[in-house]
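Close look at the chain arrangement
Here is what each chain is made of, one letter per residue.
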Amino acid sequence: ACWGLAGGLFGIALNSGVVDVGLFWALLIAAYTFFLLIRNFRAEPPPGAPSAPPFKPLLRLGRNLILAAVLALMTGYQSIVIVIGMEARGPTHTPEITQENPEKAARDKWFWATQWSVPVEELLDCAIPGFFGWGSSNPQNPYRGRVGQTEGFPQHRQGMPNLNDVSIYLGAAILLAALLAFYLDRRNGELWFFALAGTLACLLAFGKYAPFYKLFYLLPKMDAMRNPIKWFYLTSFCVGVAGTLGFDRILAHWQNPRQILSRPALLAWLGLPILAVLGAGSWYLSHIAGDPNALFWQYPALRQLSKDALVA
């Protein structure tokens, strides 16, 4: 059922036109498939149970992958046919690529592909909702970060100062539960898989703000993909899975809240991340509040919204 659902959702993603996001999910599914293969091959049969043929895990995963592929083709056939037709007609060139200055053309294409990248400091928005605003179209608390900003805008003031209506908020409770999962069940291979996959996707979401993104950009056809922020879809999913595993371990280990409060190490795992987020948020607020070049900065509006949220 899970593999069929994954294939169907992948086909829907393709049919909706977000082919690159579909590719990202396909990469995650492929990596998870290899993880399951490795775990099945390393698993030892219970005492007294007959040993299964070594190829049985391959057969099971092969069957599941075929099911997922069939459902993906059934739901995403229209987009697949269009992509195949475009490839058959040959590559198309944008006006920037046909300019006489190839270096300028390559630089412009790089800026075009990475304009919607996530600045590292905006990860604070994962734990503090609306820290950088709710969106560019929100009049009460407009987005004031750098996502969507035209390259060099602070200097030449041409193009877009920013443009973002996508929240990367994950939830403080989910983040703390994911941290607790490592404290309570650090030998869980599935937890490590989703933690590593979510971290890798987050690093790619940095886009032009991370020097290593150029290595991904140099891969065939990857230069045609725009908006590295889309990688954060995978990060959100992976952190959600890790947080769910954390809640499961919490419920399995402690039924009495007093037992939690009596564990100093556990309190450190809970308290230190909270203090780190609050400290980083306070520092950034004081830094940007005194910056005369801060774009769309509305400190009174943010303060009033925070006050209203606390009262409510």
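Right, let's walk through the structure included here. For clarity, every value in this text was computed on a predicted model and none was experimentally measured. (Residues numbered from 1 in each chain as written. Predicted model: local features only at pLDDT ≥ 70, side-chain atom pairs only at ≥ 80, totals over all residues. Heavy atoms only, no water.)

1. A closer look at the overall build of the protein
This is how the line gets drawn: Under the DSSP-based scheme used, a helix requires at least four consecutive residues in state H or I and a strand at least two consecutive residues in state E, with every element numbered from the N terminus. Buried residues are those whose accessible area, probed at 1.4 Å on protein chains only, stays under 20% of the maximum for their type, while exposed residues exceed 50% and partly exposed ones sit between those limits. Exposure was quantified through the Shrake-Rupley algorithm and a 1.4 Å probe, taking into account, for residues, occlusion by the shown protein chains and nothing else.
In terms of regular secondary structure, the protein is built from 12 helices and 0 strands. Secondary structure elements in the protein, listed N-terminal to C-terminal, are α-α-α-α-α-α-α-α-α-α-α-α. When the 312 residues of the protein are sorted by exposure, 35% land in the buried category. Of the roughly 19,100 Å² that the protein leaves accessible, carbon and sulfur atoms contribute 67%.

2. Regarding the side chain of K230
Threshold: Residue contacts are counted whenever heavy atoms from the two residues lie within 4.5 Å of one another.
Looking at the secondary structure, you find K230 in the loop between α8 (213-217) and α9 (232-253). Exposure remark for K230: the relative accessible area of 19% places this residue in the buried category. Those residues in contact with K230 that lie beyond four places of it in its chain are D20, V21 and F24.

3. A word on the layout of surface pockets
One simple way to see leftover space: roll a probe sized like a water molecule over the atoms. In plain terms, the rule: As defined here, a cavity is a set of points on a 1 Å grid over the protein atoms alone where a 1.4 Å probe fits but cannot get out. A pocket is an open set with protein on both sides within 12 Å along at least five of seven lines, and residues line them when an atom is within 4 Å of a point. Grid points are joined across faces, edges and corners, and a volume is the space filled by probe spheres set on the points.
Size it by volume and the second largest pocket reaches roughly 770 Å³. Lining the second largest pocket are 31 residues, and of these C126, A127, L175, L179 and V277 lie nearest its centre. Considering each element in turn, the lining of the second largest pocket owes the most residues, 7 residues, to helix α11 (residues 264-289).

4. A few points about the packing of aromatic side chains
Short version of the rule: Paired rings are identified among Phe, Tyr and Trp, the last through its six-membered ring, by centres lying within 6.5 Å, and are further divided according to the angle between planes into stacked (under 30 degrees), edge-to-face (over 60) and tilted (the rest).
Inspection of every chain in the model, using the stated rule, returns 14 aromatic pairs. Where F24 meets W231, the ring centres are 3.7 Å apart and the plane angle is 20 degrees; that geometry is what we call stacked. Of the two residues, F24 sits in helix α2 (residues 19-42) while W231 sits in the loop between α8 and α9, which places them 207 residues apart along the sequence. As far as burial versus exposure is concerned, F24 and W231 are alike and both buried. An aromatic cluster is present here, built from F24, W110, Y213, F216, Y217 and W231 joined pairwise through their rings.

5. Structural notes on empty space enclosed by the protein
Under the definition given, this model contains 1 cavity of 30 Å³ or more. By volume, the largest cavity amounts to about 110 Å³. What lines the largest cavity is a set of 15 residues, among which D125, Y143, N164, V166 and S167 lie closest to the centre.

6. Some points on the pattern of salt bridges
Side-chain pairing between opposite charges can occur once the charged atoms of the two side chains come close. Stated precisely, the cut-off is as follows: Basic side-chain nitrogens of Lys or Arg form a salt bridge, by our definition, when they fall within 4 Å of a carboxyl oxygen of Asp or Glu.
Tallied over the entire structure, the rule returns 3 salt bridges. The partner of E151 in a salt bridge is K208, and the shortest N-O contact between them spans 3.1 Å. In this pair, E151 is assigned in the loop between α4 (102-113) and α5 (153-156) and K208 in the loop between α7 (189-205) and α8, connecting sequence segments 57 residues apart. E151 sits in the partly exposed class, given a relative accessible area of 37%. Look at K208 and you get buried, because its relative accessible area is 19%. Two residues, D248 and R249, come together in a salt bridge whose shortest N-O distance is 3.1 Å. Owing to a relative accessible area of 42%, D248 belongs among the partly exposed residues under this scheme. For R249, a relative accessible area of 24% translates into the label partly exposed.

7. Looking at unusual backbone geometry
Comment: phi is negative for the bulk of residues other than glycine, and the bulk of peptide bonds are trans. Look at R157: it is not a glycine, yet its phi comes out positive at around 55 degrees. Note on placement: R157 falls in the loop between α5 and α6 (172-184). R157 sits in the partly exposed class, given a relative accessible area of 43%. With a phi angle near 70 degrees, N227 is a residue other than glycine that sits in the positive phi range.

8. Some points on a nonpolar patch on the surface
Applicable threshold: A residue counts toward a patch only above 30% relative accessible area and without a salt bridge, and it is joined to like-charged neighbours within 9 Å or, for Val, Leu, Ile, Met, Phe, Trp and Tyr, to nonpolar neighbours within 5 Å.
A surface patch of nonpolar side chains, about 510 Å² in accessible area, is lined by L200, L203, F212, L215 and L218. Structurally, L203 can be placed in helix α7.

Everything listed here is a matter of coordinates, which is why it stays silent on function.
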